[in-house]
Amino acid sequence: MKVFFSPSHFFRPWKVDSRTTPARCFSPSCRRIPFAMFLLVSAAMQASSVTPLREGWRLQSACKLQATGDEIAAPGFSVDGWLKTRVPSTVLAAQVADEVYPDPYFGMNLRQIPGTGYPIGKLFSNLPMPADSPYHCGWWYRAEFTAPAATGREPHFWLRFGGINYRAEIWLNGKKIADGTTVAGAYRTYELDVTGGLKPGRENVLAVETFAPTEKDLGINWVDWNPCPPDKDMGLIGAVDLVTSGEVTVRSPLAVTHFEDDSLAVADLTIYAELHNATDHAVKGVASGAAAGVKFEQPVELAAHEDRTVVFSPQQFPALRIHDPKPWWPWQMGDPHLEHLTVSFSTQGGQSDEQSVEFGIREVTSEYTANGSRLFRVNGKPILIRGGGWSQDMLLRANDERLREQFRLVRGMNLNAIRLEGKLDTEEFFRLADENGILVMLGWCCCDHWEHWRDWTPDDLTIATASLRSQMLRLRHHASLLVWLNGSDNPPPPNVERAYLDIEAQTHWPNPILSSASQAPTTVTGPSGVKMTGPYDYVAPGYWYVNKHDGGNFGYNTETSPGPAIPSMASRKKFLSDPDAWPQTADWSYHNGGGEFVNLKVFDAAMDAMYATPKSAEEYTRIAQTMEYDSERAMFESYAKNKYFSTGVIQWMLNNAWPSMIWHLYDYYLDPDAGYFAAKKACEPLHIQYSYDDRSIMVVNSTYHDAPGLRASVKVHGLAWNQLYSAGATVNSAADSSQQVFVIPDALYTSPERIFFIDLSLTDSAGHVASRNFYWVPGTLTTFDWEKTDYTHTPAERYEDLTDLTHLPEATVQASATVAQTPQGREIRLHLDNTSPALAFQIGAAVRTSSGDLVAPVFWSDNLIELTPGESATLTALLPEDAPADPVVKLEGWNVAAATLTPTASGAQ
């Protein structure tokens, strides 16, 4: 087959002028379409004039209409009975917003929506849409809008679609301007030249009939993360804009950085931008711009309808060799400083178009370590990637404030990366990643037609490469992008991988590229340097240290997890009618995962064997939180211990698409879970930690500065709080290092003690606590049946015994709370004082409304802590802006009495 491409970013299935012209297209069934030109664009860019078409849309099923497209797109057509919506919105999201259906995330409401009859746990994207599904029909989106008046010389108007899932027929003012032979692909973007059909300064009608993806399409799927909505997320899923330009458009400006050497004293910038001559005659003009304050320009002549990538290199323009630049860094390495890039095109008649983006002066590279692992460097410095797998909302609903809060949560855990497997989020997501210094690894999804290459038709490859071109041009300028993955669970076959690499070269993708997230090599690019070996279900903490073949602490693990993550009672009240049911009901299990994760049997069996068989939902939640904390912390710590023998680990997952019992560090309602506090602890900048494999105590410096004069201490106690061992040492911690400080003697573990409490402390040279860490370690660790390992987990051969934790003596903790206004917002200070001779184990604090409802997100300084006899601690909790005026703090623990505190007001701090 042929993959059509032009020298620049414009993929033109048709080359047409104001008359009807024969088309280049994806299918022999292409029809002649008037005044339409399709351009792949970045929806992120600011054009000379953009009229957002967000509001005033109406939505209706084509099965309820007798009218034709030309009638629907004509002025005066009645939309009585149509739903009101705004775009972007999927069909089901619009129905839910209009209360056609109750909240689909509550209980099993989703199953009551017509078309959701597919088997629970099955991957709906691989199944045909039921013939009686209301989403088997097309769905019409219709809007009336006033176009701006035509001004300037040869103005051109473009309809820009930021995403359509999956196919569409598009009509403007009664005339079809595109159909499903060319508008196909959930990850493509489009610009249509509507200069010949728009009515400038007057009322216009735009109508789009959308069609859901089939099981043989390159759509959006949710794998085994959660159910799939019955509409398969069909609809206008990206922004729709009317863009005005002159005769030449400018799109997708990009600044690529190369540092002269590791001093970063000189940065060479190469500027790219995509030009398109929208006229049927040659155009002469000047392409010009500025990057980081440096101006550049060059004359350009474009033939009729020509596409061209204009390049400004430091060899041609020496001013683009920037001396003493201010680099962009991931947030833990430095300042994520952003610069401004503008590129414009002007003719004698004035400016034709201009585009601006923010960019970072930074260079991302990768290499193989001695053990074949992929190591990433930012501006020449190595970085241990520690992040989580991201999910959009299941109905693709966007909320900018929610995004901002989630980036605060990511930084609150001291993570430095997010992975996107498909679901390539909004421009606001990437803008926030740039601003917050969070790296993003992204690429295609697994498990459906995207990786069913043997079933692909020539049209599939065309759509896949067009989708890739769209996303490369949309995203390539962002400073936060770490790496693109051309496959997920599997690498593409050679012909597809070469086609992808061609697109990435043509679009000047500036970052590393991996064939997939798995360890499978390819004949085209060789080994990936990463692994995707699990586990995804519960394993005891020691697994991460003793496993040497699968998910253990070596290499770069692109997705792995200790499995279930049980939301708090307050969160469960928001999506379950029986949040405290015991035993758990079908409503609970419906919010597990899919595939092998439709139940929590592995997790529950481990709980029963290691801790106790719970007798209530409250007890189940408490034990689950402790299990999650213990293994999640060990996962991140084990990879930190071995850097850079281990080079990265991505927790599967960071968040959920809907309320879920598995795979998150904070839940759907942004309530931090046990995994959140475990990750926050394990990834703190200066950290002291215990190793389950060799009983060593390590100090990990995740900063890029030396930390001399630290003081490390370890104390080991038995169940009766009898001290068994203690040691202290001065530590000079080098930048970005991991070093052994102590090894707990083997002889200690031959004692009759069944559980060891290991209390670690690290203070800085001024005596301030830099890290505090506490472990409950069984005398005999879990052993694993390695031969029975599957992709989900390695089963235990013999479980460790922590049952004595359920019989700890009661501890008395005195607690008080104050609330005050700070520059960051309202903050609660919780003071805890253990006045008893017993250890207070796993004390958890939660902010709630006076009636016990959820307040989220709350940013705690620490949580799920231990207090030794006579010890006190103060925790802080930064409240969200919409927190009630009278919040309460609920306190509970394994062996402390539950309490509810009403914070008293204190002075501003």
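Worth saying up front: this structure is predicted, and the values here are computed from it rather than measured. (Residues numbered from 1 in each chain as written. Predicted model: local features only at pLDDT ≥ 70, side-chain atom pairs only at ≥ 80, totals over all residues. Heavy atoms only, no water.)

## Some thoughts on the state of the cysteines
Taken as a whole, this structure holds two disulfides when the rule is applied. Across the disulfide, cysteine 63 is cross-linked to cysteine 137 (sulfur-sulfur distance 1.7 Å). On the sign convention where negative is left-handed, the bridge of cysteine 63 and cysteine 137, at about -95° about the S-S bond, is left-handed. Taken together, the positions of cysteine 63 in the loop between strand 3 (57–61) and helix 1 (69–72) and cysteine 137 in the loop between helix 2 (91–97) and strand 6 (139–146) put the pair 74 residues apart, joining distant regions of the chain. The exposure class assigned to cysteine 63 is exposed, which follows from its relative accessible area of 51%. We classify cysteine 137 as buried; its relative accessible area is 14%. Through a disulfide, cysteine 446 is tied to cysteine 447; the S-S separation comes to 2.1 Å. Residues cysteine 446 and cysteine 447 share a disulfide whose torsion about the S-S bond is about -80°; that sign makes it left-handed. Cysteine 447 gets classed as partly exposed once you look at its relative accessible area, which sits at 26%. Cysteine 228 takes part in no disulfide bond, and the closest cysteine sulfur, belonging to cysteine 445, lies 11 Å away. (Disulfide = S-S within 2.5 Å. Helix = DSSP H or I, 4+ residues; strand = E, 2+ residues; numbered from the N terminus. Buried < 20%, exposed > 50% of the residue type's maximum accessible area, 1.4 Å probe, protein only.)

## With respect to the confidence of the model for the protein
Here the protein averages 94 in pLDDT, while 94% of its residues score no lower than 70. A low-confidence stretch, residues 1–47 stays under pLDDT 50, and its non-local contacts, those more than four residues away or across chains, total 162 contacts. (pLDDT = per-residue confidence, 0-100. Contact = heavy atoms within 4.5 Å.)

## Notes on the pattern of salt bridges
Scanning the model with the defined rule gives 33 salt bridges in all. Glutamate 260 is the salt-bridge partner of arginine 321, the closest N and O atoms lying 2.3 Å from each other. Of the two residues, arginine 321 sits in strand 20 (residues 321–323) while glutamate 260 sits in the loop between strand 15 (248–259) and strand 16 (266–277), which places them 61 residues apart along the sequence. Take arginine 321: its relative accessible area is 30%, and that puts it in the partly exposed class. (Salt bridge = Lys/Arg side-chain N within 4 Å of Asp/Glu carboxyl O.)

## Details of the sheet that holds strand 50 (residues 904–905)
Taken in spatial order, the five strands of this open sheet run 45-47-43-42-50, and their pairing is mixed. Strands with a single pairing partner mark the edges of an open sheet, and in this sheet they are strand 45 (859–860) and strand 50. (Pairing = 2+ DSSP bridges.)

## Examining helix 5 (residues 458–475)
In a regular helix each residue adds 1.5 Å, so 18 residues correspond to 26 Å; helix 5 covers 26 Å between its end C-alpha atoms and thus fits that length. Within helix 5, 16 of the 18 residues are buried, which leaves the element mostly enclosed by the surrounding structure. (Expected span 1.5 Å × (residues − 1).)

## A closer look at the side chain of glutamine 60
Mapping glutamine 60 onto the fold places it in strand 3. Here glutamine 60 falls in the buried class, since its relative accessible area comes to 11%. A polar contact of 3.3 Å, which involves the side chain of glutamine 60, links it to the backbone oxygen of glycine 81. Look past the residues within four positions of glutamine 60 in its chain and what remains in contact with it is Leu65, Gly81, Trp82, Trp139 and Trp140. (Polar contact = N/O pair within 3.5 Å; in protein donor to acceptor, adjacent residues only side chain to side chain.)

## Remarks on the packing of aromatic side chains
Evaluated as defined, the whole model comprises 50 aromatic pairs. An angle of 25° between the planes, with centres 6.0 Å apart, marks the rings of tyrosine 135 and tryptophan 139 as stacked. An identical accessibility class is assigned to tyrosine 135 and tryptophan 139; each is buried. Aromatic pair tyrosine 690 and tyrosine 775: ring centres 5.6 Å apart, planes at 55°, arrangement tilted. Residue tyrosine 690 is found in strand 33 (residues 686–690), and its partner tyrosine 775 is found in strand 39 (residues 769–778); the two are separated by 85 residues along the sequence. Tyrosine 775 shares its class with tyrosine 690; the two are buried. An aromatic cluster of three or more residues is present, and its members are Tyr611, Tyr629, Trp721, Phe757, Phe774, Trp776, Phe841 and Trp894. The ring of tryptophan 225 has lysine 423 sitting right over it, with the charged end atom 4.1 Å from the ring centre. (Phe/Tyr/Trp six-rings, centres within 6.5 Å; stacked < 30°, edge-to-face > 60°. Lys NZ or Arg CZ within 6 Å of the ring centre and 35° of its normal.)

## Details of the environment of alanine 856
Structurally, alanine 856 can be placed in the loop between strand 44 (840–848) and strand 45. Residue classification places alanine 856 among the partly exposed positions, given a relative accessible area of 22%. Once the C-alpha coordinates of alanine 856 and lysine 788 are considered, the two residues, 68 residues apart in sequence, prove to be 41 Å apart. Non-local contacts of alanine 856, meaning those with residues more than four positions away in its chain, are made with Tyr669, Leu670, Asp671 and Pro880.

## Remarks on helix 4 (residues 427–436)
Within helix 4, seven of the 10 residues are buried, leaving the element largely enclosed by the surrounding structure. If you check which residues of helix 4 are buried, you get Glu428, Phe429, Phe430, Leu432, Ala433, Asp434 and Asn436. Buried residues belonging to helix 4 abut strand 26 (385–390), helix 3 (400–412), strand 27 (417–421), strand 28 (439–443), helix 5 and strand 29 (481–485). Just beyond helix 4, the residue with positive phi is glycine 437, at close to 70°.

## Let's talk about the pairing of strand 36 (residues 723–733)
Note on strand geometry: in a regular strand, side chains alternate between the two faces of the sheet. With nine bridges connecting them, strand 35 (residues 707–717) and strand 36 associate as antiparallel partners. Each residue of the ladder has a partner; that of valine 714, found in strand 36, is alanine 727.

## Observations regarding the environment of aspartate 400
Considering the arrangement of structural elements, one finds aspartate 400 in helix 3. Remark: the alpha-carbon pair of aspartate 400 and phenylalanine 429, spanning 29 residues in sequence, is separated by 8.0 Å.

## A look at the packing of helix 11 (residues 617–641) against helix 12 (residues 674–682)
Relative to each other, helix 11 and helix 12 sit at 30°, their axes nearing to 8 Å. Considering the angle they form, helix 11 stands roughly parallel to helix 12. The handedness of the crossing between helix 11 and helix 12 comes out as right-handed. Residues Gln625, Glu628, Tyr629, Glu632, Arg633, Phe636 and Glu637 of helix 11 form the contact with helix 12, whose participating residues are Ala674, Gly675, Phe677, Ala678, Ala679, Lys681 and Ala682. (Axes fitted to C-alpha atoms, helices over the stretch in contact; angles between N-to-C directions. Parallel < 35°, antiparallel > 145°, perpendicular 65-115°, else oblique. Left-handed = near helix turned anticlockwise from the far one by under 90°.)

## Overview of the sheet that holds strand 34 (residues 696–701)
The three strands lie next to each other as 33-34-37, forming an open sheet whose pairing is antiparallel. Looking at which strands have only one partner, the edges of the open sheet turn out to be strand 33 and strand 37 (737–743). Across the sheet, the mean angle from the axis of one strand to that of its neighbour is 20°, orientation sign disregarded. In this sheet, strand 37 lies alongside strand 34 in antiparallel orientation, the contact comprising six bridges. Note that in strand 37 the partner of asparagine 701 across the bridge is serine 737. In this fold helix 11 packs onto strand 33, strand 34 and strand 37, with an angle of close to 105° to the strand it touches most, strand 33.

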